[in-house]
Amino acid sequence: MQKILSLIFFLCSYGFKTTAQQLITYPPPQAVVYSMHNDDYTVKVRKPGGEWQDLYEYNVKVDLDKPQDASMVYFDFSGTVEVYVRKNNGNVQSVKIRPSSYEIKPVLIGNSITFTLNDPKKISIEFDGDKLHNLHLFANSIETSRPDPNDPNVVYFGPGVHLPKDLPGDAFNIGSGKTVYIAGGAIVRGKLLCDRVQNVRIIGRGIIDQPQRGIEIRHASNISIDGVIVVNPKHYTVFAGGSDHITIRNLKSFSANPWSDGLDFMSCSDVTVDDVFMRNSDDCIAVYAHRWEFYGDAKNYSVTNSILWADVAHTVNIGVHGNTEKTGEVIENLLFKNIEVLELDEDDPSAEGCMAIQAADMNLVRNVRFEDIRVDDFQEGKLLQLTVAFFQKYNAAPGRGVENIYFKNISYNGINNSPSIISGLDKDHLVQGVTFENLRINGKLINSVEEANIKVGEFAKNITFKNSIR
């Protein structure tokens, strides 16, 4: 009896392990096999010890300053996956996989590497320090459910290329209560417009390719986005205004056009952003109050477990735009936690800042927390800027103030030669209540603004350092 029970346990365990090992790849549509391909790399994946499966290497444009061709691949898996990457051009001396905190150590033999993943990851693979022609690899979890394409409340984009029916229009209009599903292997060439609607889901593994904007959310409520990739929009990846209860998860984005921000929120509240990868040629994430036809405060944001890469401008930018017609607006209760910053390049000293709060247009910005942020060395910019600002190009008035800003467990490894700034405007427009807990620069625990290379203006008050680690 004992032997029979042991055999049953073994078979059950074996069956569980077998079903846990899944690998799903997505062939590209035949119509784009040549036009969207980048042959810099050959990428293959397999279950441990199984047959290698070729991935399609998409071309993505990066870096507005001088747009370059980088590569991107994606797939889904559970359990363990082995990855093979061959660099097809030139000789290879070294390779690095970022974020470094993942501690992925590839085996390099000649021009090829292999490594193993045990859980979903979004990574940059860089040969010989080349960050402009690198390989982006998005290893997703297995989709748990797919909607029925015959459901009248489902807008289904299956594998293939999809264009708006009303050409030369550039939008797919999404109604209330709809689920938009973009399947792996699908290419959607048009923005998804959610205008004055509610209860909309945009999900899947496919690509929104070169739209005017990726997803546009106007005066809407209860909008969720999960899993899709947006490649090189002409403007923002997600444009959100006057909306609430927005959830964005597992979104991947590339942009290399002027004003091609990642996620921009104007007078939006109750926003959750989690597990996104944003490589943009303007701000990766911007939180504003009034802009254009959108009015109102911006409150209650949670941005977590994400990777930000600003080829141009800021990774996080808060407070620049607001309403000067009355008494101003409030931007408050923002959390940024467990974030990797892989690049920053902003050449305007007045606007620099990896973590930038620049309160302008009569905005009051308060109760903002940055926690567990890891910042790699970057091209140009400052680690942080907290100011009451007035940019003549963008603003009609300065902001009212910046209050209660908390930095905890911030780690920056870089040259730090451009001083960070904490500065109010005058005695009535202050920056006050800034706390640093366990700030590390190049591994050193920082105890003062001097050690951090932070310039503090006359109208900044109550800046404190407290370290719980020695």
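Source: prediction; values computed, not measured.

About the cut-offs
- Counting restarts for each chain, with residues numbered from 1 along the sequence as it is written.
- Residues qualify for local features only when their pLDDT is at least 70, as the model is predicted, and side-chain atom pairs are given and counted only at 80 or more; totals for whole chains, interfaces and linings, by contrast, use all residues.
- Side-chain figures throughout are based on the complete set of non-hydrogen atoms in the structure, without hydrogens or water.
- Starting at the N terminus, helices and strands are each numbered in turn, a helix being any DSSP run of H or I of at least four residues and a strand any DSSP run of E of at least two.
- It is over C-alpha atoms that the radius of gyration is taken, and the globule rule equals 2.2 Å times the number of residues to the power 0.38.
- Only protein chains enter the calculation, and the probe is 1.4 Å; a residue is then buried if its accessible area is under 20% of its type maximum, exposed if over 50%, and partly exposed in between.
- Note on areas: these come from Shrake-Rupley sampling with a 1.4 Å probe, and a residue is covered only by the protein chains present in the view.
- Charge assignment in this entry is limited to Lys and Arg as positive and Asp and Glu as negative, and neither His nor the chain termini are counted.
- For the purpose of locating charges, the reference atoms are NZ of Lys, CZ of Arg, CG of Asp and CD of Glu.
- Between any two strands, pairing holds if DSSP finds at least two bridges.
- With axes taken as lines fitted to C-alpha atoms, and helix axes fitted only over the stretch in contact, angles between N-to-C directions fall between 0 and 180 degrees.
- By definition, disulfides here are pairs of cysteine sulfur atoms that lie within 2.5 Å.
- Any carboxyl oxygen of Asp or Glu that lies within 4 Å of a side-chain nitrogen of Lys or Arg is treated as forming a salt bridge with it.
- Pairs were defined over the aromatic rings of Phe, Tyr and Trp, the Trp ring being its six-membered one, requiring ring centres within 6.5 Å. Orientation was assigned from the angle between planes: stacked under 30 degrees, edge-to-face over 60, tilted for the rest.
- Any Lys NZ or Arg CZ that is within 6 Å of a ring centre and within 35 degrees of that ring's normal is treated as a charge sitting over the ring.
- A score from 0 to 100, pLDDT tells how confident the predictor is in each residue.
- Any two residues whose heavy atoms approach within 4.5 Å are treated as being in contact.
- Patch membership requires more than 30% relative accessible area and the absence of a salt bridge. Residues of like charge join within 9 Å; the nonpolar side chains Val, Leu, Ile, Met, Phe, Trp and Tyr join within 5 Å.

J.: What should I look at first to understand the overall build of the protein chain in this one?
T.: Of regular secondary structure, the protein chain possesses two helices and 42 strands. For the protein chain, whose C-alpha radius of gyration is 23 Å, the value lies close to the compact-globule estimate of 23 Å for 470 residues. Dimensions of the protein chain, computed from the C-alpha atoms along their principal axes, are close to 75 × 55 × 55 Å. Residues counted as buried form 56% of the 470 residues belonging to the protein chain. By element, 49% of the accessible surface of the protein chain is carried by carbon and sulfur atoms, the whole surface being about 19,600 Å². Averaging the locations of the 47 positively and 58 negatively charged side chains of the protein chain gives two centres separated by 5 Å.

J.: Help me out: how do you make sense of the sheet that holds strand E2 (residues 41-46) in this one?
T.: As a general point, the strands of a sheet are linked pairwise by backbone hydrogen bonds and lie either parallel or antiparallel. If you trace the five strands from one edge of the open sheet to the other, you get E3-E2-E6-E9-E8, paired in antiparallel fashion. A single partner strand is all that each edge strand has here, and the edge strands are strand E3 (53-54) and strand E8 (107-109).

J.: Explanation requested: unusual backbone geometry in the structure shown.
T.: Of all residues except glycine, most have a negative phi; of all peptide bonds, most are trans. Here the amide bond leading from Arg98 into Pro99 is cis, since omega sits at 0°, within 30 degrees of zero. Topologically, Pro99 is positioned in the loop between strand E7 (95-98) and E8. Here the phi dihedral of Asp128 falls at roughly 55°; this positive angle occurs in a residue that is not glycine. Given a relative accessible area of 35%, Asp128 falls into the partly exposed group.

J.: Looking at this structure, I do not really get the sheet that holds strand E37 (residues 420-423). What am I missing?
T.: With parallel pairing, 11 strands are arranged side by side in an open sheet as E14-E17-E20-E23-E26-E29-E31-E33-E35-E37-E41. Looking at strand neighbours, the two that pair on one side only are strand E14 (171-173) and strand E41 (454-456), the edges of this open sheet. This sheet shows a mean twist of 15° between the axes of neighbouring strands, independent of strand direction. Relative to E41, E37 runs parallel, the two sharing three bridges. Bridged to Ile422 within E41 is Val456.

J.: Can you walk me through the state of the cysteines in this structure?
T.: Disulfides are covalent bonds that connect the sulfur atoms of two cysteines. Taken as a whole, this structure holds zero disulfides when the rule is applied. We note that Cys194 lacks a disulfide partner, and the nearest cysteine sulfur, in Cys268, lies 12 Å from it. Cys354 takes part in no disulfide bond, and the closest cysteine sulfur, belonging to Cys284, lies 9.0 Å away.

J.: Would you mind showing me how to read the pattern of salt bridges here?
T.: A side chain with one charge may pair with a side chain of the opposite charge, provided their charged atoms come close. As enumerated under the stated definition, the model contains 26 salt bridges in all. With its nearest N and O atoms 3.4 Å apart, the salt bridge here joins Lys382 to Glu352. Within this pair, whereas Lys382 is found in the loop between strand E34 (364-375) and strand E35 (384-388), its partner Glu352 is found in the loop between strand E32 (330-343) and strand E33 (355-359), the two being separated by 30 residues in sequence. The residues Lys382 and Glu352 share a single accessibility class, namely buried. Through salt bridges that share partners, Lys191, Arg213, Glu216, Arg218 and Glu293 make up one connected network.

J.: Quick question: what am I supposed to make of the packing of aromatic side chains here?
T.: Centre distance and the angle of the planes are the two values used to describe a pair of aromatic rings. Enumeration according to the criterion identifies 21 aromatic pairs in this entry. For the pair Trp52 and Tyr84, a centre-to-centre distance of 6.0 Å together with 55° between the ring planes defines the contact as tilted. A residue pair is termed long-range when its members are at least 10 positions apart, and Trp52 in the loop between E2 and E3 and Tyr84 in strand E6 (residues 81-87) qualify at 32 residues. Accessibility expressed as a relative area gives 33% for Trp52, which makes it partly exposed. Note on Phe239 and Trp292: the rings are 5.8 Å apart at their centroids and 20° apart in plane angle, and the pair reads as stacked. Highlighted residues: Phe239 in strand E23 (residues 238-241) and Trp292 in the loop between strand E29 (285-288) and strand E30 (298-312), separated in sequence by 53 residues. Taking relative accessible area as the criterion, Trp292 reaches 43% and is therefore assigned partly exposed. Taken together, Phe336, Phe370, Phe407, Phe436 and Phe465 form an aromatic cluster joined through their ring pairs. One cation-aromatic arrangement involves Lys121 over Tyr102; the distance from NZ or CZ to the ring centre is 5.0 Å.

J.: Quick question: what am I supposed to make of the confidence of the model for the protein chain here?
T.: Regions with low pLDDT carry predicted coordinates that are not meant to be interpreted in detail. Summing up the model confidence of the protein chain, the mean pLDDT is 94 and the portion of residues at 70 or higher is 95%. Considering only residues more than four positions removed or in separate chains, one finds that residues 1-19, a stretch of pLDDT under 50, has zero contacts.

J.: Is there a simple way to think about a negative patch on the surface in this case?
T.: Taken together, the side chains of Asp65, Asp347, Asp348 and Glu380 define an acidic patch exposed on the protein surface. Tracing the sequence through the fold places Glu380 in the loop between E34 and E35. On the accessibility criterion, Glu380 (35% relative accessible area) is partly exposed.

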